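# Results of the structural survey
Given next are the chains, with one letter for each unit.
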Number of protein chains: 2
Amino acid sequence: MQNIQEYLAQNKGRFLDELIDLLKIPSISADTAFSQDVLDTSEAVRTALENAGCDTVEICETDGYPIVYGEKIIDPDLPTVLVYGHYDVQPPDPVDLWNSPPFEPVIKETPTHPEGAIYARGACDDKGQMYMHVKAFEFMVKTDQLPCNVKFMIEGEEEVGSRNLGTFVAANKEKLANDVILISDTGMIANDVPSITTGLRGLSYVEVEVTGPNRDLHSGLYGGAVANPINVLAQMIASLHDENNHITIPGFYDKVEDLSEQERSEMAKAPFSLENYKNTLEIDDVYGEKGYSTNERNSIRPTLDVNGIWGGYTGEGAKTVIPSKAFAKISMRLVPHQDWEEITQLFKDHFERIAPKSVKVKVTPHHGGQGYVTPIDNVAYRAAAKAYETTFGKTPVPQRSGGSIPIVALFEKELKSKTILMGFGLDSDAIHSPNEHFGVWNYFKGIETIPYFYRYFTDMKA
Amino acid sequence: MQNIQEYLAQNKGRFLDELIDLLKIPSISADTAFSQDVLDTSEAVRTALENAGCDTVEICETDGYPIVYGEKIIDPDLPTVLVYGHYDVQPPDPVDLWNSPPFEPVIKETPTHPEGAIYARGACDDKGQMYMHVKAFEFMVKTDQLPCNVKFMIEGEEEVGSRNLGTFVAANKEKLANDVILISDTGMIANDVPSITTGLRGLSYVEVEVTGPNRDLHSGLYGGAVANPINVLAQMIASLHDENNHITIPGFYDKVEDLSEQERSEMAKAPFSLENYKNTLEIDDVYGEKGYSTNERNSIRPTLDVNGIWGGYTGEGAKTVIPSKAFAKISMRLVPHQDWEEITQLFKDHFERIAPKSVKVKVTPHHGGQGYVTPIDNVAYRAAAKAYETTFGKTPVPQRSGGSIPIVALFEKELKSKTILMGFGLDSDAIHSPNEHFGVWNYFKGIETIPYFYRYFTDMKA
């Protein structure tokens, strides 16, 4: 498969232009003002899959935005790879922090990306990474090197919680049957430190409401005598961690996997500079659970973070009010074996129990998902590792991510197959933030690596 | 002075009509869209003072809205009463919660006000209560019963913090020289339980900002490893009270006056139903400092309340963000002898000291004011009490209020005179809230009681 380099060299300009055209469509699934753009993007993906060589491509309607499904079945006896990706993007807000308009892609060189990076919303998450698979597929088809069957499932609601994907998957198990699922929607450690994400954290996300008096009160006339819902909420939130930053919810850690010393020392070998980490974030110190390193805290350990809090007067100046209500959005990242629905219930029971009698508490679950692990002795993992070795000249580091992709656990449950999270982006690519970008080098490295995975995976399965 | 009843009976309709005309002008000092209305109201007050019998009335310009000053000096050797009030009002928001438009006054009967209450913004706070003094003065002038000199100082910026009053008072000490200051801008316990406010709490109001990482972070990738400013802020706020709800700021209680058991048992005689209190607020329990009753907690004890809190994602649905910053507005109600500037400094030092190294903290003082006490053996207090006894047939209860009127301490400092807080409104009159009102009975009871104060005060000073 030496000719992948040659094919890339011949088609570089076109591969970039096609991605740039895709990035120009503001497919913001969270904002209905852009619904026609989201639909237009699904059509663009359909066309791209057809042009790349799919035999059939369908726009599959859902209760929300459609899922684009394409396939090329060369022999039912050969293995099947299912590629998942998404064509919708995060809102670009705050737009004024972008150095160039989010939907007018530009390529700029940076110290991290000396060959240039494409700046646009969706450049990395996930249009750019999804499109690597389309172009790798094109190469295999056009050069008669496709070694197995391929299915594409590209959705348009990932950034709004994949609302209709579960229904679609459950209703189309036959159509989606596969031997491995391939997703590029994560990152790697560095361009010279390739890595494959082998674990994801689960998630339980709740909203809490604390109600004190039935109306806002004057803090002079009532202050000190009536429970202030903000003070109470602060105390309740504070009590959810102990002095070692362990979470205090009874039963919370019961199912948490304890990694062996050996596994932890393997993990500790990943290159990491605490000084760089602190400098990048401009913090004087890190903060977290006692007894664990920074890389353990954000990957193999569960967490509890307040993602939003509000109550009382938040405008300019001063208002002396005791509000009737205070609110918070709280999410817990979970590790494999913790069940998100069970944890949500434990949280709810505990939070209601610790409320003083002087307030009322309401806990509303938002959503959640299970954690996930790919064992590194799995065939697909080994095939992926070998592909990276071929193109990067280095064995990839297996890496547990702190993030959550609930659909990965869903795929395993419904389709009974493992997922390989083959991400080529970097943590510094600013996904979900202003000035999102994706290295041109990374884009082409993905296109180069993917066909080797198909080759090795098919060989190993034979 | 029996003829006050007669005079009231003859002029009832006119007294109500004049107040209603004043209430129709939306003198909202906080909103510049109403600046002409605020100025129009100052002119209406000038005319009212002239008509009532002042010898000279001036519109005194300030850097903000003007102060209306009027006087009638009958004999420099006689005592002088200075009446303070304000002609500006709070914004009526939320307007949709009003049952009738806030600037179209209507009179409606209620269970608490069987003789009717005037519903309008400013009806009680403070146009209605200020106008009682104008009409009581009119009665004394027109019936040749004014026993002493009178000065009026009616400002237009009370609801925005009396921004220019301090400068005016400091620059006009001679003009404002007096023997006692009379203010009706507070309430009494009930129509059958007259009370006089003898104490006010001081106030220190600050805003705090907690900064963690230099940008919003993905809570999956960083959660557990980086200090979350909301969690940290919650912990810092929670730590400001101990398990007995004592405030933990070192030195905070150093100057707090300890009331004698006798004083506390006097206070405890004020009629109070904890059940009614809880039912009115729809709370299952009260909450406050251990060792003190509800009425003590909100009057003779200092407090610390969060008046507003915000940070992270507060919109609909869920966003998994660790925000860069979290904020809170915190106010402390202080008791006499606590110096608000000293307390503000103690808070700032403490809050900065308890911050973990993983965050940065900024404390910005907003404003504050000193507490105040009128001793009940003061001549003016005794004259006021006797006036209430005459018109209510009952000795008024001396009452410490939990609220703050910083100008009262300012008056004492600059003008060296005590203030009598002769309020005729009720706690249930909904000042600063939708459907503010003022009992017609209360309005007339104020006009009836005030002349007796002038009489008794002049006699006692003789």
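Residues numbered from 1 in each chain as written. Chains lettered and ligands numbered in written order. Predicted model: local features only at pLDDT ≥ 70, side-chain atom pairs only at ≥ 80, totals over all residues. Heavy atoms only, no water.

Further remarks concern helix H11 (residues 340-354) of chain A. Residues and elements named next belong to chain A. Relative to the 21 Å expected for 15 residues at 1.5 Å per residue, H11 spans 21 Å between its end C-alpha atoms, a close match to the ideal helical length. Considered for burial, the residues of H11 that qualify are Trp340, Ile343, Thr344, Phe347, His350 and Phe351. Each buried residue of H11 sits inside an arc of 135 degrees when the element is viewed along its axis, so together they form one side. Seen from the open side of H11, the exposed residues pointing more than 90 degrees away from its buried face are Glu341 and Arg353. Those residues of H11 hidden inside the fold are in contact with strand E10 (202-211), helix H7 (229-238), strand E12 (303-312), strand E14 (325-334) and strand E15 (360-369). Backbone nitrogen of Glu341 and a side-chain oxygen of the N-cap are separated by 3.2 Å at the start of H11; the cap is Asp339. (Helix = DSSP H or I, 4+ residues; strand = E, 2+ residues; numbered from the N terminus. Expected span 1.5 Å × (residues − 1). Buried < 20%, exposed > 50% of the residue type's maximum accessible area, 1.4 Å probe, protein only. Arc of directions from axis to C-beta. Contact = heavy atoms within 4.5 Å. Polar contact = N/O pair within 3.5 Å; in protein donor to acceptor, adjacent residues only side chain to side chain.)

Bringing the interface of chain A and chain B into the picture now. Counting from both sides, the interface comprises 76 residues of chain A and, opposite them, 76 residues of chain B. Where chain A abuts chain B, roughly 6,100 Å² becomes buried across the two surfaces, and 53% of that area is made up of carbon and sulfur atoms. It is A:Leu281, A:Tyr287 and A:Ile309 in chain A that bury the most area against chain B; as a group they hold 11% of the surface buried on that side. Between chain A and chain B we count 0 salt bridges in total. Viewed at the interface, chain B and chain A are joined by 40 residue pairs in polar contact (both at pLDDT 80 or more). When residues in the side of chain A that touches chain B are grouped by element, the largest group, 10 residues, is from E12(A). Partitioning the side of chain A that touches chain B into residue classes produces 29 nonpolar, 31 polar and 16 charged. (Buried area = accessible area lost by both parts, 1.4 Å probe. Salt bridge = Lys/Arg side-chain N within 4 Å of Asp/Glu carboxyl O. Nonpolar A, V, L, I, M, F, W, Y, C, P; charged D, E, K, R; others polar.)

This paragraph deals with the relation of the copies chain A and chain B. Overlay of chain A on chain B (RMSD 0.3 Å): rotation 180 degrees, translation along the axis 0.4 Å. Taken together, the rotation and translation relating the two chain copies correspond to the operation of a two-fold axis. Interface residue correspondence from chain A to chain B reaches 100%, placing this contact among same-surface, isologous pairings. (Least-squares fit on C-alpha atoms with pLDDT ≥ 70 in both.)

Turning next to the packing of aromatic side chains. Note on aromatic pairs: each is described by the distance of the centres and the angle between the planes. A full pass over the atoms with the stated rule returns 36 aromatic pairs over all chains. Ring geometry for A:Tyr443 versus A:Phe444: centroids 5.3 Å apart, planes at 45 degrees, classification tilted. In this structure A:Phe444 comes out as buried when scored by relative accessible area, which is 7%. Measuring from ring centre to ring centre gives 5.9 Å for B:Phe392 and B:Trp441, while their planes differ by 80 degrees; the resulting arrangement is edge-to-face. Of the two residues, B:Phe392 is situated in helix H11 (residues 379-392) and B:Trp441 in helix H13 (residues 440-461); the sequence distance between them amounts to 49 residues. Aromatic ring contacts, followed pair by pair, group A:Tyr388, A:Phe392, A:Phe424 and A:Trp441 into a single cluster. We note A:Lys386 situated over the ring of A:Tyr456; from NZ or CZ to the ring centre the distance is 4.5 Å. Above the plane of the ring of B:Phe392 lies B:Lys445, whose end atom (NZ or CZ) is 5.4 Å from the centre. (Phe/Tyr/Trp six-rings, centres within 6.5 Å; stacked < 30°, edge-to-face > 60°. Lys NZ or Arg CZ within 6 Å of the ring centre and 35° of its normal.)

For the rest of this paragraph, the subject is the pattern of salt bridges. Residue and element names in this part refer to chain B. Tallied over the full model, the rule gives 45 salt bridges over all chains. The salt bridge involving Lys348 is made with Glu352; its shortest N-O contact spans 2.9 Å. Taken as a pair, Lys348 and Glu352 lie in helix H10 (residues 340-354) at a separation of 4 residues, close to a single helical turn. Here Lys348 falls in the partly exposed class, since its relative accessible area comes to 24%. For Glu352, a relative accessible area of 33% translates into the label partly exposed. Two residues, Glu412 and Lys418, come together in a salt bridge whose shortest N-O distance is 2.7 Å.

Of the residues making up helix H8 (residues 274-281) of chain B, those classed as buried are B:Tyr277, B:Lys278 and B:Leu281. Projection of H8(B) onto a plane perpendicular to its axis shows the buried side chains occupying an angular sector of 95 degrees, all on one side. In the core, the buried residues of H8(B) are packed alongside strand E11 (217-218) and helix H6 (219-222) of chain A together with helix H9 (294-297) of chain B.

The next point concerns the packing of helix H1 (residues 3-23) of chain B against H13(B). Residues and elements named next belong to chain B. For the pair H1 and H13, the least separation of the axes is 11 Å and the interaxial angle reads 130 degrees. With respect to their mutual orientation, H1 and H13 come out oblique. Our pair here, H1 against H13, has a crossing hand that is right-handed. Of H13, the residues touching H1 (which contributes Ile4, Gln5, Leu8, Lys12, Phe15, Leu16 and Leu19) are Val440, Tyr443, Phe444, Ile447, Glu448, Pro451 and Tyr452. Partitioning the contact of H1 with H13 into residue classes produces 11 nonpolar, 1 polar and 2 charged. (Axes fitted to C-alpha atoms, helices over the stretch in contact; angles between N-to-C directions. Parallel < 35°, antiparallel > 145°, perpendicular 65-115°, else oblique. Left-handed = near helix turned anticlockwise from the far one by under 90°.)

Right, let's talk about the side chain of B:His241 for a bit. With respect to the element layout, B:His241 can be found in the loop between helix H6 (229-238) and helix H7 (261-267). Excluding residues that lie within four positions of it along the chain, B:His241 makes contacts with A:Asn231, A:Gln235, B:His246, B:Ile247, B:Thr248 and B:Leu304.

Once that is clear, we can look at the packing of H11(B) against H13(B). All names here are of chain B. At their nearest, the axes of H11 and H13 sit 8 Å apart, and the two run at 135 degrees to each other. With respect to each other, H11 and H13 are oriented oblique. Between H11 and H13 the crossing geometry is right-handed. Only Trp441, Lys445, Glu448, Thr449, Tyr452, Phe453, Tyr456, Phe457, Met460 and Lys461 of H13 make contact with H11, whose side of the interface consists of Val379, Ala380, Arg382, Ala383, Ala384, Lys386, Ala387, Tyr388, Thr390, Thr391 and Phe392. Here the contact of H11 with H13 is composed, by residue class, of 13 nonpolar, 3 polar and 5 charged.

This part takes up the UniProt feature "domain: Peptidase M20 dimerisation" (unreviewed entry) in chain A. Per the UniProt annotation, the sites labelled "domain: Peptidase M20 dimerisation" (unreviewed entry) are residues 199-357 of chain A. Along residues 199-357 of chain A, the helical share is 30% and the strand share 23%, with 41 Å between the first and last C-alpha atoms. (UniProt positions renumbered as here; feature names shortened; annotations may be inferred.)

Residue and element names in this part refer to chain A. Ordered by their spatial adjacency, 3 strands build an open sheet running E4-E5-E20, and the pairing between neighbours is antiparallel. Each edge of the open sheet is held by one strand with a lone partner, namely strand E4 (106-108) and strand E20 (437-439). Sheet twist, expressed as the mean angle between neighbouring strand axes with direction ignored, is 30 degrees. Relative to E20, strand E5 (residues 117-119) is paired through 3 bridges, and the arrangement is antiparallel. Counterpart to Ile118 in the pairing with E20 is Phe438. Sheet contacts for helix H1 (residues 3-23): E4 and E5; angle to E5, the most-contacted strand, approximately 20 degrees. (Pairing = 2+ DSSP bridges.)

Now for the state of the cysteines. Inspection of the entire model under this criterion finds 0 disulfides over all chains. Between B:Cys60, a free cysteine, and B:Cys54, which holds the nearest cysteine sulfur, the sulfur-to-sulfur gap is 12 Å. (Disulfide = S-S within 2.5 Å.)

What follows is about the domain arrangement of chain A. All names here are of chain A. According to the domain assignment, chain A consists of domain 1 (3-200 + 371-461) and domain 2 (202-256 + 302-369). Look at where the C-alpha atoms of domain 1 and domain 2 centre, and you get two points 37 Å apart. Taken together, the 9 residues of domain 1 in the interface contact 6 residues of domain 2. Summed over both partners, the interface of domain 1 with domain 2 comes to about 530 Å²; 57% of that surface belongs to carbon and sulfur atoms. By the criterion of area lost to domain 2, the three top residues of domain 1 are Gly371, Ser404 and Pro406, representing 65% of everything that side buries. Taken together, domain 1 and domain 2 are joined by 0 salt bridges. Linking domain 1 to domain 2 there are 2 residue pairs in polar contact (both at pLDDT 80 or more). Split into classes, the residues belonging to the side of domain 1 that touches domain 2 amount to 4 nonpolar, 4 polar and 1 charged. (Domains from an automatic or database assignment.)

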